[in-house]
Structure formats: C-alpha cells, structure tokens
Amino acid sequence: MRYIMAIDQGTSSSRCILYDREGKMVAAAQREFRQIFPQPGWVEHDPEEIWRTQAAVCREALRQANLQPADVAALGITNQRETVVVWDRRTGTPVYPAIVWQDRRTAEHCARLRAAGWEEKVQAKTGLLLDPYFSATKIRWILDHIDGALDKALQGELAFGTVDSWLVWKMTQGELHITDVSNASRTLLFDIDTLSWDLELLDLFGIPAAMLPGVKASSECYGLTRDPLLGAGIRIAAIVGDQQASLFGQLCVEPGMAKCTYGTGSFLVMNTGPEKIVSKHRLLTTVAWKIGDRVDYALEGSVFVGGAAIQWLRDGLHLFDAAADSEKLAVSVSDNGGVYFVPAFTGLGAPFWDPDARGAIFGLTRGVSAAHIARAALESIAFQVDDILAVLAEDCGRPVSQLRIDGGAAANRFLAQFQSDISALEVVRPAHLETTALGAAYLAGLAVGVWTLEELATQWRSDRFFQHSMPAEAVETHKKQWRKAVARVRAWAE
Ligand SMILES: Nc1ncnc2c1ncn2[C@@H]1O[C@H](COP(=O)(O)OP(=O)(O)O)[C@@H](O)[C@H]1O
Ligand SMILES: O=P(O)(O)OC[C@H](O)CO
C-alpha cells in the first residue's frame, strides 16, 4: 500500500498519475475524449466516455508501474468544475450529455435573474455571479428540456452531480452520491458560510433538493471503489475541484499566496485562509478546501480563453503545427507590431463577465505577419490575467508579489516573462508542473496519514524564476492599447 493515485478529469482529457510516498511520480496516463458542439455556444461531453477514459487511464497507469489496486493506499479525485451530469438513480444512465462549464446556452436565463435583481443576494450566499458558467441554470435547462425529467427529479429518481460525483457514483457502482465543498461551491446552490445547500436558491433555480449529492470535506475517506473496470477496494480519500487542487499542489497554503493555471482557460486563484473576502470587482469567492474541520477560502478570477487561443491559431488558422511553436514564432519579431488580440470567443469572464463580447484582432497593417499575431495571442493571455491581478490588488489592499504558474501554456517562456513584465511581479514555475493531480494526491495522502501538512509544506521546488524588467512607459503603452481593444469587443453579439 505504498502509492497514491490521482485522477485528474479535465475538460479535454482524463488523466491518472501514480505517486509514491515521497510524492514522486511513478506512472502517468492520459486520454483525450470528444468535445461535442451541437450548436454555437454549446459544449457537451459524453459522461459514459468520461468514465470509460478515466477508468482506462487508471488501469494503464497501474500497468505501467506494474502495480495492483491493492498497492494503492488512497485515491484522490480532481475534476473540471461546474460541468453538469444528471442521471437516473435506478439505471445509472445519464438523461442528457454532460453540459460543460464553457456552455453559454443559459445566458438568457441568467440575464432574466439579473434583471430581477437577484445577483447581489446570490453573490452574498454563494460568492459567485449570475453567469451561465456555473451549474444551476444548466441543471434547470435539462429539467426543462428532457421529457419527464422534472417529474422524475421531484420523485427523487434523478441524481445531479458535477464530474466528481459522477465518477464516485460510477466507481462505487451507485453506492455513494457525494461531492466536496470546493465543487459544491461552484454550483450557485451552495451557501459558502453555512456549507450547506441553500433552500432559497434551490427554489429560485427550480431544482429539487432530492437530486443533490451529500457534501463532504475535501480530504477524508469516503468509501471504497467497487467497479472492476477501475479496480475494487481502493480507498477514495480526496475530492477537490481542479483549480483548488492546483492551488494546493502549488502549496499555496498560506493566505496571500496565489497561483495561475494556464490551460484551455486561465485561472488565477489566491488563498485567503479562513477569511472569506467578498470582491468589489466581480471576482469569485470560493471554497478552497476543507481539511478536518478547517475550511479555507480563495478569491478567483476565471478567464475562459487562454491556451485555447493558441489552439485556434494552430487548428483554425494553421499558423504552426504544435502549441509550443507559438513561442519560436512570437520571439522571431521584436514586438507585437501594434497588434492586440482579444480572444473573447465565448464572451469574457472575470472581471468583465460579458457573455456577448466576441473575439477581435486590432491594429492590422500590411506589415503584420503570423509572428505578430502569435505574439499578440500570447500577450493576450497575460493581459487577461493582469486585468484580474489589478482588481485582486484592490480587493486585498496589496498587490500579489509572487505568482506560481502551471498548466500547459506555463511551459512558454515568452508568456511567463511577459506576465512578469506586464504585471510587475515575480513569476515562478515549479519543478513539478502537474500541480492539479499533485494537489489531489496530497489531499488523499493527508486523509490516510501518508504525510502531514507540515511535511508537505517543505516539498515545493522551483524550476525557474521570471523577474520583470520592462520599462514602466512601455508597460503603460501596452495596457492602454489593451484596454482600448477590450472596450471595442464588449457586447459585440448583443
Ligand atoms: N508551449 C505552449 N505555449 C502556449 N500554449 C501552450 C503551450 N503548450 C500548451 N499550450 C496550450 O495549453 C493548453 C493545454 O494545457 P492543459 O493544461 O493541458 O489544458 P487543460 O487542462 O485545460 O486541458 C492548450 O490550449 C494549448 O494550446
Ligand atoms: O479542465 P480545466 O483544466 O480546463 O479546468 C476547468 C475549470 O475547472 C473550469 O472552471
């Protein structure tokens, strides 16, 4: 029983990493799955495919390390958040595909509730805003559009879960229907003070309480796996949303410590300790994790399109073959040639929350090349994060001085240096970049006594520091042009 298994069920792939008792990676497996776009602005996944790919990578990782389920001391789950699965409790079959966090189909429902003056109350209870990003309106959409679903839900025959709940249900063959506080805090139905489902919000969104999972801590033994596909008898000992997991994996365990994950989107999260800070600038207050009786909170800024802009240059415009080539192209020119790119493909997230913004590239002249556009795309990732850092500083009364970074695009040195320059802070890349899985493994190991928090705190290792050196005048010019570009894309699709 010497190993910890981390399951990282992300937006574009299912991953499994096995760690030894020193926190060293011993095996890793990953499988992509289908992204389904049935209509513009809609994004779905097949919940059965999520489960199949997840179980398969777990088996694959065990095989790679030549281990059996019995060698695993504990399993931790981390997952794409907010995504909704609704299934029939009797048959275990989903009644509709998973509606993914990026899906904008419920924008009008949110606008109606905002117009009726609900946002302030919702923010006070949940720490969130009325945006289609979160789970509640997505659940209601399923109840409204699937024949008989509402009746069945009222009778207690349907279950709702974020992806963590769905995976636990599958791996325990329907024995456990649970989630943790960090995932629950992303649904718009959860009171982050009392840490319980909120009856008034359930009523507001029209969601029967009988559908909801039980809410647990992020690090505790919930039960054993039963499904032979994954392997039976493994202790499930952690559940945590993926951005909170990477905050933990980066060991940002003290108030004021912040990380940014540059993946499909970019997620900047700052630990605020037991204190719940309410943003005056439309950042999210969210539960970081609950360990034992202690709850930590975080402030979060979510950017919907980060690395996805690079993906678009690769797959949509065919400017290069691999995302990593964006760096070579960007540094082949000495500046952005006056080009500013706002990749608001699915609207803008924090701090603007504008579902009707759309992407645009500004400053085009005859001299602009693919290199300038690649550079502008990478710069746009940093500008969006900088917009969040600016309001975060106002909310906290002091600027963030060090940012720990991770995620696929954190490998890009130009991006890391530009972030440091534009935001005037130190950017640090850790030696172990898979911080999301590591966070889930740490929390699972804590629950079964493999390590203590004090031991973990000494584990973090840096790989590279980026210090800012851009002259203040150049920074100001960049920011002015970026602000102008953002102002022009607002409400474009209204
Ligand atoms: N070297 C790179 N430079 C810029 N972007 C990159 C680089 N490597 C990967 N990316 C981008 O990062 C994203 C993948 O990161 P990952 O952390 O795996 O995302 P997710 O967890 O959201 O699936 C893709 O959108 C890809 O375009
Ligand atoms: O799966 P990721 O890494 O794109 O993360 C998605 C976030 O959890 C959405 O809130």
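All of these numbers come straight from a predicted model, not from anything done at the bench.

Caption draft 1: Just a nonpolar patch on the surface, in detail. Among the surface-exposed residues, Trp312, Leu317 and Phe345 lie close enough to one another that they form a single nonpolar patch of about 240 Å² accessible area. Residue position: Phe345 is located in the loop between β19 (340-342) and β20 (360-362).

Caption draft 2: Spotlight on the site of ligand 1. Taken together, 15 residues sit near ligand 1, with Ser12, Thr264, Gly307, Gly408 and Asn412 positioned nearest. With respect to ligand 1, the side chain of Ser12 contributes an N or O atom lying 2.5 Å from an oxygen atom. For ligand 1, an oxygen atom lies 2.9 Å from a polar atom in the backbone of Gly408. Protein chains shield 81% of the accessible area of ligand 1, which is 580 Å² for the free molecule.

Caption draft 3: View of the packing of helix α1 (residues 47-64) against helix α6 (residues 163-171). In contact at an axis separation of 10 Å, α1 and α6 are set at 65° when each is read in the N-to-C sense. With respect to the hand of their crossing, α1 and α6 are arranged in right-handed fashion. Counted together, Pro47, Glu48, Ile50, Trp51 and Gln54 of α1 and Val163, Trp166, Leu167, Lys170 and Met171 of α6 form the full contact between these two elements. For the contact of α1 with α6, the class distribution of residues is seven nonpolar, one polar and two charged.

Caption draft 4: Spotlight on the pairing of strand β15 (residues 258-262). By the criterion of burial, β15 is predominantly enclosed, with five of the five residues buried. In this structure, β15 lies alongside strand β16 (residues 266-273), joined through five bridges in antiparallel fashion. The residue bridging Tyr262 from the neighbouring strand is Ser266, located in β16. Here β15 hands over to β16 after three residues, the two strands then running antiparallel side by side. Here four bridges tie β15 to strand β21 (residues 402-406), and the two strands are oriented parallel to one another. Bridging across to β21, Lys259 finds its partner in Arg404.

Caption draft 5: Examining the site of ligand 2 more closely. In the neighbourhood of ligand 2, the contacting residues comprise Gly10, Thr11, Gln80, Arg81, Glu82, Trp101, Tyr133, Asp242, Gln243, Thr264 and Phe267. Glu82 has a polar side-chain atom sitting 2.6 Å from an oxygen atom of ligand 2. Burial of ligand 2 by the surrounding chains reaches 89%, relative to a free accessible area of 310 Å². Counted by class, the shell around ligand 2 contains three nonpolar, five polar and three charged residues.

Caption draft 6: Structural context of the pattern of salt bridges. The tally for this structure, following the rule as stated, stands at 31 salt bridges. Among the ionic pairs, Asp193 bridges to Lys276, the shortest N-O distance being 3.0 Å. Residue Asp193 is located in the loop between β10 (190-191) and β11 (196-197), and its partner Lys276 is located in the loop between β16 and β17 (284-291); the two are separated by 83 residues in the primary sequence. For Arg490, the salt bridge is made with Asp354, and the minimal N-O distance between the two is 2.9 Å. Here Arg490 is found in the segment after α16 (472-489), whereas its partner Asp354 is found in the loop between β19 and β20, with 136 residues between them in sequence. For Arg490, a relative accessible area of 36% puts it in the partly exposed group.

Caption draft 7: Looking closely at the pairing of strand β1 (residues 3-9). Across the seven residues of β1, seven count as buried, placing the element largely inside the fold. Of the two faces of β1, both are covered, the one formed by Tyr3, Met5, Ile7 and Gln9 as well as the one formed by Ile4, Ala6 and Asp8. Bridge count between β1 and strand β5 (residues 72-79): seven bridges; the pairing is parallel. Counted as the bridge partner of Ile4 is Ala74 from β5.

Caption draft 8: Looking closely at the packing of helix α12 (residues 370-396) against α16. At their nearest, the axes of α12 and α16 sit 11 Å apart, and the two run at 90° to each other. Compared by their axis directions, α12 and α16 come out roughly perpendicular. Between α12, through Glu379, Ser380, Phe383, Gln384, Asp386 and Asp387, and α16, the contact on the second element is made entirely by His478, Lys479 and Trp482. Partitioning the contact of α12 with α16 into residue classes produces two nonpolar, three polar and four charged.

Caption draft 9: Structural detail: helix α13 (residues 413-423). Burial of α13 is extensive: nine of the eleven residues sit out of reach of the surface. Buried within α13 are the following residues: Phe414, Leu415, Ala416, Phe418, Gln419, Ser420, Asp421, Ile422 and Ser423. Near the N-terminus of α13, the side chain that reaches the backbone nitrogen of Phe414, with its oxygen 3.1 Å away, is that of Asn412. Ala424 sits one or two residues past α13 and shows a positive phi near 50°.

Caption draft 10: Quick look at the state of the cysteines. In this structure the tally under the stated criterion is zero disulfides. In this model Cys252 remains outside any disulfide bridge; the closest cysteine sulfur is found in Cys260, 11 Å from its own. Judged by relative accessible area, Cys252 falls into the buried class, the value being 0%.

Caption draft 11: Focus on the side chain of Lys170. Here Lys170 is to be found in helix α6. The class of Lys170 is buried, set by a relative accessible area of 18%. Among the polar contacts made by the side chain of Lys170, one reaches the side chain of Glu48 at a distance of 3.3 Å. Leave out the neighbours within four places in its chain, and Lys170 touches Glu48, Trp51 and Asp227.

Caption draft 12: Local environment of the nonpolar core. With 101 residues, the main nonpolar core has Leu189, Phe205 and Tyr262 as its most contacted residues. In terms of residue count, the dominant contributor to this core is α12 (14 residues). Setting aside anything within four residues of it in sequence, one finds Leu189 in contact with Thr126, Ala136, Ile139, Ser196, Trp197, Asp198, Leu201, Leu202, Phe205, Ile207 and Leu212. Grouped together as the second largest cluster of nonpolar side chains are 36 residues, Leu18, Ala29, Val168 and Met171 included.

Caption draft 13: A look at the side chain of Asn183. For Asn183, the location among the structural elements is in helix α7 (residues 181-184). A polar atom in the side chain of Asn183 sits 3.4 Å from the side chain of Asp164.

Thresholds, definitions, all that
- Residues numbered from 1 in each chain as written.
- Chains lettered and ligands numbered in written order.
- Predicted model: local features only at pLDDT ≥ 70, side-chain atom pairs only at ≥ 80, totals over all residues.
- Heavy atoms only, no water.
- Patch = residues over 30% accessible without salt bridge, like charges linked within 9 Å, V, L, I, M, F, W, Y side chains within 5 Å.
- Areas by Shrake-Rupley, 256 points an atom, 1.4 Å probe, with all protein chains shown as cover.
- Salt bridge = Lys/Arg side-chain N within 4 Å of Asp/Glu carboxyl O.
- Helix = DSSP H or I, 4+ residues; strand = E, 2+ residues; numbered from the N terminus.
- Near = heavy atom within 4 Å.
- Polar contact = N/O pair within 3.5 Å; in protein donor to acceptor, adjacent residues only side chain to side chain.
- Axes fitted to C-alpha atoms, helices over the stretch in contact; angles between N-to-C directions.
- Left-handed = near helix turned anticlockwise from the far one by under 90°.
- Contact = heavy atoms within 4.5 Å.
- Nonpolar A, V, L, I, M, F, W, Y, C, P; charged D, E, K, R; others polar.
- Buried < 20%, exposed > 50% of the residue type's maximum accessible area, 1.4 Å probe, protein only.
- Pairing = 2+ DSSP bridges.
- Parallel < 35°, antiparallel > 145°, perpendicular 65-115°, else oblique.
- Disulfide = S-S within 2.5 Å.
- Core = buried A, V, L, I, M, F, W, Y, C linked by side-chain atoms within 4.5 Å.

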